[in-house]
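Chain residues, written in single-letter form:
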Amino acid sequence: MSLTVSSSILDTIGATPMVQLQKITKGSKHKFFAKMEYFNPGGSVKDRIALSIIEGAEKRGELKPGGTLVEATSGNTGIGLALVAAIKGYKCIFVLPAKMSEEKRAVLRAYGARVIITPIGLEPEDPMSHYSVAKKIADTIKAKTGNCFYTNQYHNPDNFSAHYNVTGPEIWNQMSGKIDAYIAGVGTGGTLSGVAKYLKEKNPAIKVMCMDPIGSILSDLYYHGKVVTPPASYQVEGIGEDMLPDNCKLNLYDGFLNVNDKDAFAMTRRLIAEEGLCVGPSGGLILAGAMKYAETLEKPSNIVLIMPDSGKAYLTKVFNDKWMIEKGFLSPEESKTAFNVEVMAAEEMKNYV
Ligand SMILES: Cc1ncc(COP(=O)(O)O)c(C=O)c1O
């Protein structure tokens, strides 16, 4: 392997590993490949769009040196933007719904960003929703300073194009084109849609599937063209929506599968314990759904999955038995054999002497 020197951390964004699953999917006639996005320097797939969105705004003259970035984010896009901003010298303000983990908030603050938390369960149009608050802050700063950019990951085409131009070709090349299905979740839809467009141009037979949390409205929009079941809250962060972002191109998808929190969290724990992959719960949800979808495929298939971020951002949630039990995702009996069992050294030593 030849190792090179990067001129800045920004050069290390992308080119993430593709890892074949070994144990969880053993016995399946299909092969599952996980695109490991936590290898990005900010720890998620969102570093890719952060760079593309900031450079797009700079090129168009919408962002000038010393300007302020504002975003409504579930955390990861904020981390990606803050990382790029640290190198390029921008200020950052991020608006997060209260559901998002403490770990992500702490990382954003460490980068020097202002973090604003909005209540959960609000309609997107509500003036206190994270979308509305972010937009209002961006408009106000822009009116005052003339140098503020609302990065708007949901609707900004530079999100889609980062995945069309870079992530898609990476996946195609890593797999030498041997792909039957490509599966991800949708937050903004950039990852699923941008890669889907690239892959389908290369081979229109590739099936593109979206794994959606129960409570998201996206699968209703796909199958019925309208919301049939009203949006409901769920615990998995970063995927599922209560509105249709422009970057979610439903026409590029071949279907949806809904997955509940419990299955998503259980699979997230299996991914680290059995495969050594410390991914966040959106990755667990995507694999849990993908395995169900795979049962419907007759011929042995190569299935590519996106693992969007790191489990380290959720240590107080999916990897915390107390939280898992409180939420009803784990029984106290299961907890004894799983995580977070702290035993005093003296007591443990009795097993060995
Ligand atoms: C943890 C996590 N997984 C998945 C996604 C979805 O990615 P995309 O916005 O490209 O649809 C996000 C987006 O915020 C996320 O934070």
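**Student:** Help me understand the site of the ligand, please; the structure alone is not making it clear to me.
**Tutor:** Contacts to the ligand come from 18 residues, most closely from Gly187, Thr188, Thr191, Gly238 and Pro308. Built from parts of two domains, the shell around the ligand gets at least three residues from each of domain 1 (9–38 + 166–333) and domain 2 (46–150).

**Student:** What's the story with the domain arrangement of the protein in this structure? I'm lost.
**Tutor:** Interface size is commonly expressed as the accessible area that is lost once the parts come together. Along its sequence, the protein is organised into domain 1 (9–38 + 166–333) and domain 2 (46–150). Centre-to-centre separation of domain 1 and domain 2, based on C-alpha positions: 24 Å. Contact with domain 1, which involves 19 residues of that partner, is made by 18 residues of domain 2. Here the side of domain 1 that touches domain 2 is built from residues that sort into eight nonpolar, seven polar and four charged.

**Student:** Looking at this structure, how should I read the sheet that holds strand S8 (residues 207–213)?
**Tutor:** Pairing between sheet strands relies on hydrogen bonds along the backbone, with the strands arranged either parallel or antiparallel. Spatially, six strands are ordered S1-S2-S10-S7-S8-S9 in an open sheet, and the strand pairing comes out mixed. Taken across any chain shown, the strands that pair with only one partner, and hence form the sheet edges, are strand S1 (18–20) and strand S9 (255–259). On average, each strand axis in the sheet is inclined to that of its neighbour by 25°, with strand direction left out of account. Pairing geometry for strand S7 (residues 181–184) and S8, over four bridges, is parallel. Bridge pairing links Ala181 to Lys207 in S8.

Parameters and conventions
Residues numbered from 1 in each chain as written. Predicted model: local features only at pLDDT ≥ 70, side-chain atom pairs only at ≥ 80, totals over all residues. Near = placed C-beta within 6 Å. Domains from an automatic or database assignment. Contact = placed C-beta atoms within 7 Å. Nonpolar A, V, L, I, M, F, W, Y, C, P; charged D, E, K, R; others polar. Pairing = 2+ DSSP bridges. Helix = DSSP H or I, 4+ residues; strand = E, 2+ residues; numbered from the N terminus. Axes fitted to C-alpha atoms, helices over the stretch in contact; angles between N-to-C directions.

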